[in-house]
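Residue-level structure breakdown
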Amino acid sequence: MPPTPTIKHDLLSQWSDANYWRKLCPYLTISETTGDASVGRGGDCNDNEDGLDEVLKDKMLQCLTDDGYALIDDEICDDELRENVRRGVSDLEVEHALPATFVLLFDETWKLAAKSHNLLLRSNNHNNDGKEDREEAGAAARKGGGILRENKMAFNFDMLAWHIDPRLNQSGFSPHRDRQPDSPGALERSFYADGRAKYVTHWIALTDATPENSCLYVIPREFDPGYSKGDDDADDDPRPTEEEGGGDDCNCNDNASDNKSRNGDKATISDPLTRALDTKQSYQNIRALPRRAGLSVVFTHRILHWGSRGNPRAMDVQPRIAISFVYSDVDFEAPYLSEESFSEQRGDGGDGDGEWSDGCRPPPFSIRLLLVCAQLLIYYQRFNLSTSTLRACYDYCKCRSTKLNDGYRKKVFVEYVKAMKERRDGAPDSTVDKSDMNQHCIDNEEIDDAANSEDEEALLEEMLNHSDEFDDDYDDMCHDGEQDGGSKKRKHSE
């Protein structure tokens with residue numbers, strides 16, 4: 001393997017120093033080595049016993065299958081761990097003007113992830129490269145272990161943290177599905193034969209999440225025609241374009257009147273949100289999912305969901321802070337980190353017992369930073385990132401690209417190109433020479449094709465050569481609704 005290129009950015013040099021982050025959040029920890037984190041231990045929660053009996057787990061799984069979501073009314077961890085992660089998110093966002101997702105760098109976040117893992121997958125003993133063992137253990141896993149009851153489900157590493165402040169008129173993502181299979185057959189294959197989903201998000205409230213300060217809203221499976229059958233894609237009524245608010249996994253246009261095409265007196269509706277809410281009475285099917293701090297919800301890739309906008313005038317309203325972890329069937333969507341497994345590890349496990357550890361092994365600091373950088377690029381429209389930050393994230397990912405799953409790596413790089421193209425196209429006339437813009441113009445189709453192109457690196461470098469000329473004022477370039485997650489992104493968790 002070639003040596004890792006030297007980091008030239010001052011920003012990356014700062015980010016790559018674990019002591020920098022320790023100083024920002026001195027009450028949080030970053031272990032020097034993977035084994036020191038022992039993320040499955042500590043606190044008042046017993047990691048060997050998740051506190052849920054088998055009957056309750058079965059009921060939760062049935063709700064998840066029937067409704068598309070299930071509420072978990074047991075606290076995920078002790079108050080101290082939850083409060084430390086909450087404080088970290090708040091301080092990163094408010095005190096240091098950094099995206100909340102940088103909290104992934106700290107051990108405490110991975111301890112919380114281990115609590116989630118033990119609750120949803122405990123005793124499934126999945127490992128990324130043990131396919132035959134997984135298949136043999138599949139039946140046994142469904143009789144015990146975590147809520148999901150499936151040995152092929154794995155920790156996906158799709159992780160995000162959220163800090164939604166209604167006093168700043170902030171909200172979560174607008175209505176969307178997390179995954180949008182591109183054919184009826186692919187949609188069917190995104191579920192197991194018994195109806196269980198192959199992609200599930202665990203959303204954990206770190207503060208109270210209410211309608212007043214923002215909480216999740218959903219349209220349950222039984223009231224959503226597109227949940228199982230797929231979303232209409234009639235030729236005479238195409239899904240919203242990216243500019244209109246559509247994207248990879250979200251086909252919900254905010255303007256319902258634009259989502260109908262007339263053929264005589266018959267309306268063809270392709271927007272899944274409009275199809276689900278086709279009468280006045282159907283709006284009564286929308287369910288708010290308020291959660292007290294420490295409580296959580298699991299939901300599938302097909303449920304229509306969104307994060308609401310809170311009430312800035314509510315008495316004593318506080319930001320809503322949450323974090324989410326994803327679990328997926330490894331054949332449906334492989335874990336984002338190609339060489340990491342968050343499953344229980346055989347070996348010392350930190351307590352010298354030499355047996356299966358009751359905890360999970362977190363990635364080392366450099367890989368945590370890689371994941372943060374990649375996630376910031378994937379969700380770049382959600383974050384107010386400067387061009388230098390985008391470039392730093394890309395350079396860090398490029399240096400360590402072999403550590404990322406191949407499909408995820410391509411998506412990360414293509415999202416970076418899209419972000420830089422938006423900066424170029426949205427720059428004021430005085431900042432970019434028009435002849436250069438024309439010479440280096442890349443249309444949307446070419447950018448999409450970059451994911452599979454052998455010339456991917458050449459395309460990226462062409463964009464990078466002009467990155468210094470791109471405008472940095474992200475807010476001025478946002479279309480309406482983009483900061484609410486309205487377009488172009490692989491939606492997730494909000």
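All of the points below concern the structure found in this document. Note that the structure is a prediction, hence the values are computed from the model and not measured.

So, the overall build of the protein
Helix and strand counts for the protein come out as 16 helices and ten strands. Across the 494 residues of the protein, 57% fall into the buried class. Sequence-distant contacts, at least 24 apart, represent 81% of the contacts inside the protein between residues at least 6 apart. Roughly 21,200 Å² of accessible area belongs to the protein as shown, and the carbon and sulfur atoms make up 44% of that amount.

Here's the deal with the sheet that holds strand 9 (residues 304-307)
Across the sheet, three strands lie side by side as 7-4-9; this open sheet has antiparallel pairing. Of all strands in the sheet, those with a lone pairing partner are strand 7 (287-289) and strand 9, marking the two edges. Between one strand axis and the next, the sheet turns by 25° as a mean value, whatever way the strands run. Pairing of strand 4 (residues 216-219) with strand 9 involves four bridges; the strand directions are antiparallel. In the sheet register, Val218 faces strand 9, and the bridge partner there is His305.

As for the side chain of Ser116
Along the polypeptide, Ser116 turns up in helix 5 (residues 107-121). Of the residues examined, Ser116 reaches a relative accessible area of 0% and is grouped as buried. For Ser116, the residues in contact, after removing those within four places along its chain, are Ile76, His202, Ile204, Phe325 and Tyr327.

Thoughts on the environment of Leu119
If you trace the backbone, Leu119 turns up in helix 5. Taking C-alpha positions, Leu119 is 9.5 Å from Lys57, a pair spaced 62 residues apart along the chain.

Observations concerning the packing of aromatic side chains
Under the definition given, this model contains 15 aromatic pairs. Lying across the ring of Tyr192, Lys198 places its NZ or CZ 5.2 Å from the centre. Here the guanidinium or amino end of Arg400 rests over the ring plane of Tyr396, the centre of that ring lying 3.9 Å away.

Digging into helix 12 (residues 406-426)
In a regular helix each residue adds 1.5 Å, so 21 residues correspond to 30 Å; helix 12 covers 30 Å between its end C-alpha atoms and thus fits that length. When you tally the buried positions in helix 12, you get 15 out of 21 residues, the bulk of the element. N-cap assignment for helix 12: the residue whose side-chain oxygen lies 3.0 Å from the backbone N of Gly407 is Asn405.

A short note on the pattern of salt bridges
For the coordinates displayed, the defined rule picks out 19 salt bridges. Asp231 serves as the salt-bridge partner of Arg302, at 3.7 Å between the closest nitrogen and oxygen. Note that Arg302 is positioned in the loop between strand 8 (296-300) and strand 9 and Asp231 in the loop between helix 8 (226-229) and strand 5 (260-263), a separation of 71 residues in sequence. With respect to burial, Arg302 and Asp231 carry one shared label: buried. A network of salt bridges, in which partner residues are shared, links Arg177, Asp224, Asp231 and Arg302.

Details of the pairing of strand 8
Among the five residues of strand 8, five are classified as buried, and the element is accordingly described as predominantly covered. The alternating pattern of strand 8 places Ser296, Val298 and Thr300 on one face and Val297 and Phe299 on the opposite face, and all of these are buried. Here strand 1 (residues 69-72) pairs with strand 8 via four bridges, running antiparallel. Considered in strand 8, the bridge of Ile72 is made with Ser296. Judged from the five bridges that link them, strand 3 (residues 199-205) and strand 8 form a sheet pairing that is antiparallel. By the bridge assignment, Trp203 is partnered in strand 8 with Val297.

Rules of the game
Residues numbered from 1 in each chain as written. Predicted model: local features only at pLDDT ≥ 70, side-chain atom pairs only at ≥ 80, totals over all residues. Heavy atoms only, no water. Helix = DSSP H or I, 4+ residues; strand = E, 2+ residues; numbered from the N terminus. Buried < 20%, exposed > 50% of the residue type's maximum accessible area, 1.4 Å probe, protein only. Contact = heavy atoms within 4.5 Å. Areas by Shrake-Rupley, 256 points an atom, 1.4 Å probe, with all protein chains shown as cover. Pairing = 2+ DSSP bridges. Axes fitted to C-alpha atoms, helices over the stretch in contact; angles between N-to-C directions. Phe/Tyr/Trp six-rings, centres within 6.5 Å; stacked < 30°, edge-to-face > 60°. Lys NZ or Arg CZ within 6 Å of the ring centre and 35° of its normal. Expected span 1.5 Å × (residues − 1). Polar contact = N/O pair within 3.5 Å; in protein donor to acceptor, adjacent residues only side chain to side chain. Salt bridge = Lys/Arg side-chain N within 4 Å of Asp/Glu carboxyl O.

Purely spatial values, then, with no claim about function.
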